[in-house]
Amino acid sequence: MFDRIKYKKFAKTQLAGRWTVPVLMTLICGIISLAISGPGYGGAIADIAAHPAEQLLTAGGSAGDASYWEPLLLILEIIVGSILTIAQIHVYLKLSRSPEPVQLGDFLEGLSLWLRGMLAGIWTTIWVVLWSMLFIIPGIVKAFAYSQIFYLAAEYPSLSIRKAMKVSIEITRGHKGDLLIMYASFLGWMILAAIPAGIGFLWLTPYMQMTAANAYHGLLKEAIVSGRIRKEDLAG
């Protein structure tokens with residue numbers, strides 16, 4: 001049974017006395033993401049998602065135009081963002097398994113999963129974009145269906161990315177709406193965290209990430225207990 005209240009409560013307990021590394025990790029990843037995105041780049045993703053073939057084939061003009069670099073910057077952002085995501089998830093999975101303190105070195109250790117993170121990010125993005133071309137709703141639904149791929153990639157190193165996606169689809173079956181409601185339940189905190197200058201997200205992001213990690217454990221356990229997923233399916 002999906003229990004978002006329990007997952008959020010656990011997250012607070014798991015983070016108690018261990019906020020330092022998650023907050024620093026959030027700050028570091030935020031700075032890196034901001035450095036890559038740059039000012040005025042927010043519309044590039046929307047443009048490419050709306051007209052992918054045109055953007056990727058024509059690149060919007062000559063090498064001297066800013067739009068020329070938008071597809072390349074988008075790809076770079078996806079790759080770097082995916083690597084940072086799996087490194088962070090590595091830490092949150094460790095926080096979820098043990099009451100022992102974590103170190104910033106655990107985040108650096110998670111960066112060793114860079115290839116799996118990159119592949120997971122690219123593979124997921126391709127499929128979400130393809131589904132989004134049909135209509136926005138299928139794209140959103142599939143984004144939730146694929147949402148557990150990074151956790152699986154981080155926890156099971158021998159599991160292929162393609163199979164991790166299949167497992168993610170299976171364990172989120174019947175729970176995509178639950179995941180949407182879980183993330184929506186943070187909306188009020190997001191509004192408060194944005195004032196002033198988004199500083200509050202340094203603490204809200206770890207809380208959300210920790211809750212998501214607990215949800216992942218719950219989804220996987222339910223799928224195994226119900227027989228929809230076998231432990232052998234996670235071996236590779």
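See the structure above.
Residues numbered from 1 in each chain as written. Predicted model: local features only at pLDDT ≥ 70, side-chain atom pairs only at ≥ 80, totals over all residues. Heavy atoms only, no water.

Draft legend 1. Representation of helix α2 (residues 20-37). For α2, spanning 18 residues, the distance from its first C-alpha to its last is 26 Å, which sits close to the expected 26 Å at 1.5 Å a residue. Among all positions of α2, only Val21, Pro22, Val23, Met25, Thr26, Cys29, Ile36 and Ser37 are buried. Those residues of α2 that are buried are in contact with α1 (4-15), α5 (70-97), α6 (104-110) and α13 (201-226). (Helix = DSSP H or I, 4+ residues; strand = E, 2+ residues; numbered from the N terminus. Expected span 1.5 Å × (residues − 1). Buried < 20%, exposed > 50% of the residue type's maximum accessible area, 1.4 Å probe, protein only. Contact = heavy atoms within 4.5 Å.)

Draft legend 2. Examining the side chain of His90 more closely. When you line up the elements, His90 lands in helix α5. If we ignore the near neighbours within four places in the chain, the residues touching His90 are Asp106, Glu109, Gly110 and Leu113.

Draft legend 3. Focus on the side chain of Asp233. Structurally, the position occupied by Asp233 is in the segment after α13. Given a relative accessible area of 16%, Asp233 falls into the buried group. Within the structure, the side chain of Asp233 is placed 2.8 Å from the backbone nitrogen of Arg230, a separation counted as a polar contact. Excluding anything up to four places from it in sequence, Asp233 contacts Leu159, Lys163 and Val167. (Polar contact = N/O pair within 3.5 Å; in protein donor to acceptor, adjacent residues only side chain to side chain.)

Draft legend 4. Structural view of the environment of Leu219. With respect to the element layout, Leu219 can be found in helix α13. Of the residues examined, Leu219 reaches a relative accessible area of 2% and is grouped as buried. The spatial distance from the C-alpha of Leu219 to the C-alpha of Ser168 is 9.2 Å, given a sequence separation of 51 residues. Not counting the four nearest positions on each side in its chain, Leu219 is found in contact with Phe2, Gln148, Ile171, Thr172, His175 and Leu179.

Draft legend 5. Broad picture of the layout of surface pockets. Here the second largest pocket is characterised by a volume of approximately 300 Å³. For the second largest pocket, the lining is made up of 14 residues, of which Tyr7, Asn214, His217, Gly218 and Lys221 are closest to its centre. Elements supplying a minimum of two residues to the lining of the second largest pocket: α1 and α13. Among the elements that line the lining of the second largest pocket, the one with the most residues is α13, at seven residues. When its residues are assigned to classes, the lining of the second largest pocket shows six nonpolar, four polar and four charged. (1 Å grid on protein atoms, 1.4 Å probe; cavity = no way out; pocket = protein on both sides within 12 Å on 5 of 7 lines; lining within 4 Å. Points joined across faces, edges and corners; volume = space filled by probe spheres on them. Nonpolar A, V, L, I, M, F, W, Y, C, P; charged D, E, K, R; others polar.)

Draft legend 6. Fine view of the packing of helix α11 (residues 176-184) against α13. Look at α11 against α13: their axes get within 11 Å of each other, and the N-to-C directions meet at 160 degrees. When the interaxial angle is binned, α11 and α13 end up roughly antiparallel. Between α11 and α13 lies a crossing whose hand is right-handed. Seen from α11, the contacting residues are Leu179, Met182 and Tyr183; seen from α13, they are Met208, Thr211, Ala212, Ala215 and Leu219. Residue composition of the contact of α11 with α13, grouped by class: seven nonpolar, one polar and no charged. (Axes fitted to C-alpha atoms, helices over the stretch in contact; angles between N-to-C directions. Parallel < 35°, antiparallel > 145°, perpendicular 65-115°, else oblique. Left-handed = near helix turned anticlockwise from the far one by under 90°.)

Draft legend 7. Inspection of the packing of helix α7 (residues 114-134) against helix α10 (residues 161-171) at higher detail. Running from N to C, α7 and α10 point in directions that differ by 55 degrees, and their axes come no closer than 10 Å. In terms of orientation, α7 lies oblique with respect to α10. Seen along the crossing, α7 lies across α10 with a hand that is right-handed. Contacts from Arg116, Leu119, Ala120, Trp123, Thr124 and Trp127 in α7 reach Ile161, Arg162 and Met165 in α10. By residue class, the composition of the contact of α7 with α10 is six nonpolar, one polar and two charged.

Draft legend 8. Region of the structure containing the pattern of salt bridges. Considering all chains together, one arrives at six salt bridges under this definition. Across the pair Arg97 and Glu155 runs a salt bridge whose closest N-O atoms are separated by 3.6 Å. Linking Arg97 in helix α5 with Glu155 in helix α9 (residues 149-155), this pair joins segments that are 58 residues apart in sequence. In this structure, Arg228 engages Glu222 in a salt bridge whose closest nitrogen and oxygen atoms are separated by 3.6 Å. Residue Arg228 is classed as partly exposed on the basis of its relative accessible area, which comes to 29%. The exposure class assigned to Glu222 is partly exposed, which follows from its relative accessible area of 23%. (Salt bridge = Lys/Arg side-chain N within 4 Å of Asp/Glu carboxyl O.)

Draft legend 9. Inspection of the environment of Gly174 at higher detail. Inspection of the secondary structure assignment puts Gly174 in the loop between α10 and α11. A relative accessible area of 62% means that Gly174 is categorised as exposed. Taking the C-alpha atoms as reference, Gly174 lies 9.6 Å from Ala145; in sequence the two are 29 residues apart.

Worth remembering: the numbers are spatial, not functional.
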